[in-house]
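Tertiary structure, described
Chain residues, written in single-letter form:
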Amino acid sequence: QQELRTQALGRQLFFFAELSSTNDLLKDMVRQGREHGTVVIARRQTTGHGRMQRAWESPEGGLWLSLLLKPRLSLGDAAKLTLSTGVALAQTLQDLYGLAAGIKWPNDVVVQGRKIAGILGEVAGEWTTVQTLILGIGVNANFSGQTFSSKLPATTLQDILGYEVNLNHLAAQLLFNLEKEVQSLEQGDVQGLIQRWTSFAVGINQPVRIERAGTVYAGIFKGIREDGELILDLEGQEMTFSSGEVSLRAG
Ligand code: BT5
């Protein structure tokens, strides 16, 4: 915690040897009135989860972190915080390890085409009252040789760098970069976020296939709209897709 250079994020920090899921614990803690910026970290998770009830493998050596945010944002802008998190993560891997990290839409963080980190944004309580967002971040750091049953091949920092990283440094830099992103959104700079996100995005202006409700759309990936929807160019005609409804492949 001495390494933290943030104003709020991580100033309240709870560390555990083992948890079922850092997101689940933080959701429970919200009911006890925890403040903006509270962080929960576990050395390992027994039932970590991804989006849509998928399992997230969380062995010892990874960074398994959840963050409580009560941002001063409209509902629509608060939903963009998962994009901000992707940007902060990719930026952190570049800052600390010089890695060319990318973001695969909607928010998988990849290095050399392999998934190295995942983001799970959840809403705690009622959106309409106090907006409380839980951002779960998992970074495959100091372990190796894992094969996760996944469409996207996975990797770890140790596999790529060949050494073990300092997890405290990693967490501190990530929280620092994420705090900057949150502040920039709070100041209304959606365009800046979209630009930074696009600069990290994998496959911009390249052909992709998107499957929605059984139909495959083949086009050029043009980027994202301000609301995070993917823009696909189908021979001059633009279509947009939201992350919940589609799967994306190169091609
Ligand atoms: C994600 O889900 O990428 C979000 C992962 C969020 C994990 C963090 S850890 C701290 C916090 N506490 C939690 O319980 N969760 C958050 P999704 O895009 O749905 O990807 C899940 C899929 O990735 C799985 O179905 C597997 O195929 C694959 N997978 C599982 N574990 C993985 C890992 N460690 N690395 C790479 N891929 C993995």
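Our structure is the block above this text.
Thresholds applied
- Residues numbered from 1 in each chain as written.
- Predicted model: local features only at pLDDT ≥ 70, side-chain atom pairs only at ≥ 80, totals over all residues.
- Heavy atoms only, no water.
- Axes fitted to C-alpha atoms, helices over the stretch in contact; angles between N-to-C directions.
- Helix = DSSP H or I, 4+ residues; strand = E, 2+ residues; numbered from the N terminus.
- Parallel < 35°, antiparallel > 145°, perpendicular 65-115°, else oblique.
- Left-handed = near helix turned anticlockwise from the far one by under 90°.
- Contact = heavy atoms within 4.5 Å.
- Nonpolar A, V, L, I, M, F, W, Y, C, P; charged D, E, K, R; others polar.
- Pairing = 2+ DSSP bridges.
- Phe/Tyr/Trp six-rings, centres within 6.5 Å; stacked < 30°, edge-to-face > 60°.
- Buried < 20%, exposed > 50% of the residue type's maximum accessible area, 1.4 Å probe, protein only.
- Lys NZ or Arg CZ within 6 Å of the ring centre and 35° of its normal.
- Salt bridge = Lys/Arg side-chain N within 4 Å of Asp/Glu carboxyl O.

Helix-helix packing is characterised by the crossing angle of the two axes and by the distance between the axes. Here helix α3 (residues 81-97) crosses helix α5 (residues 167-186) at 135°, and the two axes come no closer than 8 Å. Taken together, α3 and α5 sit at an angle that is classed as oblique. Considering the relative orientation of α3 and α5, their crossing is right-handed. On the side of α3, the interface is formed by Leu81, Ser84, Thr85, Val87, Ala88, Leu89, Gln91, Thr92, Leu93, Asp95, Leu96 and Tyr97, while α5 contributes His169, Leu170, Gln173, Leu174, Asn177, Leu178, Glu181, Val182 and Leu185. Of the residues contributing to the contact of α3 with α5, the split by class is 12 nonpolar, 7 polar and 2 charged.

On to unusual backbone geometry. Pro106 follows Trp105 through a cis peptide bond whose omega is 0°. By secondary structure assignment, the location of Pro106 is in the loop between β4 (101-104) and β5 (108-111). One non-glycine residue, Asn205, lies in the positive phi region at around 65°. With respect to the secondary-structure elements, Asn205 resides in the loop between α6 (190-200) and β8 (207-212). Phi is positive for Ala213, which is not a glycine, with a value near 50°. For Ala213, the location among the structural elements is in the loop between β8 and β9 (215-224).

Locating Gly121 in the fold gives a position in strand β6 (residues 114-123). In this structure Gly121 touches Thr82, Ile134 and Leu135, once residues within four positions along its chain are discounted.

What follows deals with the sheet that holds strand β7 (residues 133-139). Read across the sheet, 7 strands follow the order β1-β2-β3-β7-β6-β5-β4 without closing on themselves; strand pairing throughout is mixed. Each edge of the open sheet is held by one strand with a lone partner, namely β1 (13-19) and β4. Going from strand to strand, the sheet's axes swing by 20° on average, the running direction of each strand aside. With 3 bridges connecting them, β5 and β6 associate as antiparallel partners. From the neighbouring strand, Val110 faces β6, where its bridge partner is Lys115.

Overall, the coordinates contain 3 aromatic pairs when judged by the stated rule. Ring centres of Trp56 and Trp64 lie 6.5 Å apart, and the angle between their planes is 80°; on these two criteria the pair is classed as edge-to-face. Neither residue differs from the other here; Trp56 and Trp64 are each classed as buried. Within the aromatic cluster, the residues linked to one another by ring pairs are Trp56, Trp64 and Phe143. If you follow Arg5 out to its NZ or CZ, it ends over the ring of Phe176, 4.0 Å from the centre.

Taken as a whole and assessed by the stated rule, the structure comprises 11 salt bridges. For Asp77, the salt bridge goes to Lys80, with nearest N and O atoms at 2.7 Å. Neither Asp77 nor Lys80 differs from the other in exposure class; each is buried. Residues Arg225 and Asp227 are paired through a salt bridge, measuring 2.6 Å at the closest nitrogen-oxygen approach. Taking the relative accessible area as the measure of exposure, Arg225 reaches 34% and is therefore partly exposed. What emerges from the salt-bridge pattern is a single network uniting Glu18, Arg44 and Glu60.

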